[in-house]
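A look at the structure
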Amino acid sequence: MEDHTPKLPNEDNLYEHHAFTVDKGQAPLRIDKYLMNFVENATRSKIQNAAKNGGIHVNNVAVKSNYKVKPLDEIRVLFTHPPYENLLVGEDLPIDIVYEDDELLVVNKPAGMVVHPGHGNYSGTLINALIYRFDSLPNNSSERPGLVHRIDKDTSGLLVVAKTEQAMAHLSLQFAEKTSEREYVALVWGNMEEDQGTIEGNIGRHPKNRLQNTVFLEEEAEKGKPATTHYNVIERLGYVTLVSCKLETGRTHQIRVHMKHIGHTLFNDARYGGDAILKGTTFTKYKQFVDNCFKMLPRQALHAKTLGFKHPKTGEFMRFETPVPEDIQSCIEKWRGYSKHLG
């Protein structure tokens, strides 16, 4: 009987791009459908082609695209080229440098710019722009040159970049020990009950959708990492609220996840469901108003406004602020006008 199992290409020519362990509560599901929720920017045909070429492994065995995943399966996605994020190329891209000296620089990143190369975003990133301008930036623990921390693609605002090994070590320690200052401005759905508060909850990958993170409750806390967000209401605008968020920790999507967790998803945050009308009326005019706001602000309403840290050489505490960008500001003004008519 002929064996139709995909053959494993020469191991020397394979590079691991993704590795997952299937959640123990996972129901049987074709692996091509399963991976659609776990590999960003991957189409089903691309996943099927990878399987056809022997690039999808379950428990170290190559499988076809119709394989049904089972709880605790170990999945590896492999291709015949290295991950593109390992092939860094400098690019002459505009970057807004707010401050620079021999040790570091502070950048105001625009919305839409990815911080570092990754699946589906192999060029046009902040890292590409930095290595074009600066030689020998120190690598962080993830081998990413200059990066002390990061913000999401569609979040705008301030980042500090290390130019020396000493600065990288010193600044990274400040972020780890929670002595740096990071304040964000966010527009969220709903009228927040409290004027201020603290959100605590361990954050980790969502068990059913790897493109999202989630808060794990006490009984499952070991699945995530501790995260703390402090918030203050800046302005109530009817069906949305403008808030200031200060981070103690810096988990991926932290503000986005914490705000959804307490029922106040970020306005137009498509990944977490904020691109639907979550509060308000059923009137057609209201739906049109919100749609116009979405067009005006085609991303999550989140801006890294303030960044503070001790200079790694002088010890001086430095604080930088950048204005809320025009797209968020215009959306706020539109809600201000609308909320006046709500009584």
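Counting restarts for each chain: residues are numbered from 1 in the order of the written sequence. In view of the model being predicted, local features appear only for residues whose pLDDT reaches at least 70, and side-chain atom pairs are presented and counted only at 80 or more, with totals across whole chains, interfaces and linings using the full set of residues. Only hydrogens and water are removed before side-chain values are computed, so all heavy atoms of the structure are retained for them.

1. Examining the state of the cysteines
For clarity, the cut-off: In this description, the term disulfide denotes a pair of cysteine sulfurs within 2.5 Å.
For the structure shown, the criterion picks out zero disulfides. Left without a disulfide partner, cysteine 293 is nearest to the cysteine sulfur of cysteine 331, which lies 4.4 Å away.

2. Overview of the packing of helix α6 (residues 284-296) against helix α7 (residues 326-339)
Defined as follows: For helices, the axis comes from a line fit to the C-alpha atoms of the stretch in contact; other axes are also lines fit to C-alpha atoms, and the angle between any two N-to-C directions lies between 0 and 180 degrees. Where helices and strands are cited, they refer to DSSP runs of H or I of at least four residues and of E of at least two residues respectively, numbered from the N terminus. We call two directions roughly parallel when the angle between them is under 35 degrees, roughly antiparallel when it is over 145, roughly perpendicular when it lies between 65 and 115, and oblique otherwise. Helix crossings fall into two classes, left-handed where the near helix is turned counterclockwise from the far one by less than a right angle and right-handed where it is turned clockwise. The contact rule is simple, with two residues in contact once any of their heavy atoms fall within 4.5 Å. Classification convention: Asp, Glu, Lys, Arg as charged; Ala, Val, Leu, Ile, Met, Phe, Trp, Tyr, Cys, Pro as nonpolar; all other residues, Gly among them, as polar.
Relative to each other, α6 and α7 sit at 160°, their axes nearing to 9 Å. In terms of orientation, α6 and α7 fall into the roughly antiparallel class. The two elements α6 and α7 cross, and the hand of that crossing is right-handed. Here Tyr286, Phe289, Val290, Asn292, Cys293 and Met296 of α6 lie close against α7, whose contacting residues are Asp327, Ser330, Cys331, Lys334, Trp335 and Tyr338. When the residues that make up the contact of α6 with α7 are grouped by side-chain class, the tally is eight nonpolar, two polar and two charged.

3. Examining the nonpolar core
For clarity, the threshold we go by: Joining through side-chain atoms within 4.5 Å is the link that ties buried Ala, Val, Leu, Ile, Met, Phe, Trp, Tyr and Cys residues into a set, and such a set is a nonpolar core. When accessible area is computed with a 1.4 Å probe and restricted to protein chains, residues below 20% of their type maximum are described as buried, those above 50% as exposed, and intermediate ones as partly exposed.
With 31 residues, the main nonpolar core has Leu126, Leu130, Tyr184, Val243, Ile255 and Met259 as its most contacted residues. For this core, the secondary-structure elements that each account for two or more residues are β8 (104-109), α3 (126-133), β9 (156-162), β10 (181-189), β14 (228-237), β15 (240-247), α5 (254-261) and β16 (302-310). The element that contributes the greatest number of residues to this core is α3, accounting for four residues. By size, the runner-up hydrophobic cluster in this structure holds 19 residues, among which are Trp189, Ala301, Ile332 and Trp335.

4. Topic: unusual backbone geometry
The phi angle at histidine 253 is positive, at roughly 60°, despite the residue not being glycine. Inspection of the secondary structure assignment puts histidine 253 in the loop between β15 and α5. Here histidine 253 falls in the buried class, since its relative accessible area comes to 9%. Even without being a glycine, asparagine 268 presents a positive backbone phi close to 60°. Mapped onto the secondary structure, asparagine 268 falls in the loop between α5 and α6.

5. Topic: the packing of aromatic side chains
Spelled out, the test is: Classification of ring pairs rests on two measures: the distance between centres of Phe, Tyr or Trp rings, Trp counted by its six-membered ring, which must be within 6.5 Å, and the angle between planes, read as stacked under 30 degrees, edge-to-face over 60 and tilted in between.
One pass over the structure, following the stated rule, counts 13 aromatic pairs. Their ring planes at 85° and their centres at 4.9 Å tell us that phenylalanine 289 and tryptophan 335 sit as a pair that is edge-to-face. Of the two residues, phenylalanine 289 sits in helix α6 while tryptophan 335 sits in helix α7, which places them 46 residues apart along the sequence. For phenylalanine 289, a relative accessible area of 11% translates into the label buried. A relative accessible area of 0% means that tryptophan 335 is categorised as buried. By the ring-pair criterion, three or more aromatic residues cluster together here, those being Trp189, Tyr239, Phe267, Tyr286, Phe289, Phe294, Trp335 and Tyr338.

6. Focus: the confidence of the model for the protein chain
Quick note on the threshold: By definition, pLDDT measures how confident the predictor is in each residue, and it falls between 0 and 100.
For the protein chain, per-residue confidence averages 88 on the pLDDT scale, and residues scoring 70 or more make up 90% of the total. This model gives residues 1-12 a pLDDT under 50, and the stretch forms 15 contacts once residues within four places in sequence are excluded.

7. Some remarks on the pairing of strand β7 (residues 96-100)
Within a regular strand, the side chains alternate between the two sheet faces. We apply this condition: One bridge is not enough; two strands pair if DSSP finds at least two bridges between them.
Sheet topology note: the β7/β8 ladder contains four bridges and is antiparallel. Paired with tyrosine 99 across the bridge in β8 is valine 106. The loop that links β7 with its antiparallel partner β8 comprises three residues.

8. Structural notes on the side chain of serine 156
Test applied: Whenever two N or O atoms come within 3.5 Å, that pair is a polar contact, provided that in protein one can donate a hydrogen and the other can accept it, and provided that, for residues adjacent in sequence, both atoms are side-chain atoms.
Along the chain, the position of serine 156 falls in strand β9. Separated by 2.8 Å, the side chains of serine 156 and histidine 303 make a polar contact. Beyond its immediate sequence surroundings of up to four residues, serine 156 is in contact with Lys109, Pro110, Ala111, Ile151, Arg299, Leu302, His303, Ala304 and Pro325.

9. Digging into the side chain of aspartate 101
To keep it simple, the criterion reads: In this tally, Lys and Arg are treated as positive and Asp and Glu as negative; His is ignored, and so are the chain termini. Basic side-chain nitrogens of Lys or Arg form a salt bridge, by our definition, when they fall within 4 Å of a carboxyl oxygen of Asp or Glu.
By secondary structure assignment, the location of aspartate 101 is in the loop between β7 and β8. The side chain of aspartate 101 sits in the buried core without any salt bridge; lysine 163 is the nearest counter-charge, 6.1 Å away. Reaching out from aspartate 101, the side chain makes a polar contact with the side chain of histidine 311 at a distance of 2.6 Å. Leave out the neighbours within four places in its chain, and aspartate 101 touches Lys163 and His311.

10. Some details on the environment of leucine 137
Counting through the fold element by element, leucine 137 comes out in the loop between α3 and β9. Taking the C-alpha atoms as reference points, leucine 137 and leucine 104, 33 residues apart in sequence, are found 9.9 Å from one another. Ignoring any residue separated from it by four or fewer positions in sequence, one finds leucine 137 in contact with Leu130, Pro145, Gly146, Ala162 and Lys163.

11. Observations regarding α7
Under the convention used in this document: To estimate how far a helix should extend, the number of its residues minus one is multiplied by 1.5 Å. Think of the arc as the fan of directions from the helix axis to the C-beta atoms.
A rise of 1.5 Å per residue sets the reference length of α7, with its 14 residues, at 20 Å; its end C-alpha atoms lie 20 Å apart and thus fit the reference within 8%. Residues of α7 that are buried: Ile328, Cys331, Ile332, Trp335 and Ser339. In a view along the axis of α7, the buried residues occupy a sector of 100°, so they form one face of it. The secondary structure elements touched by the buried residues of α7 are β10, β14, β15, α6 and β16.

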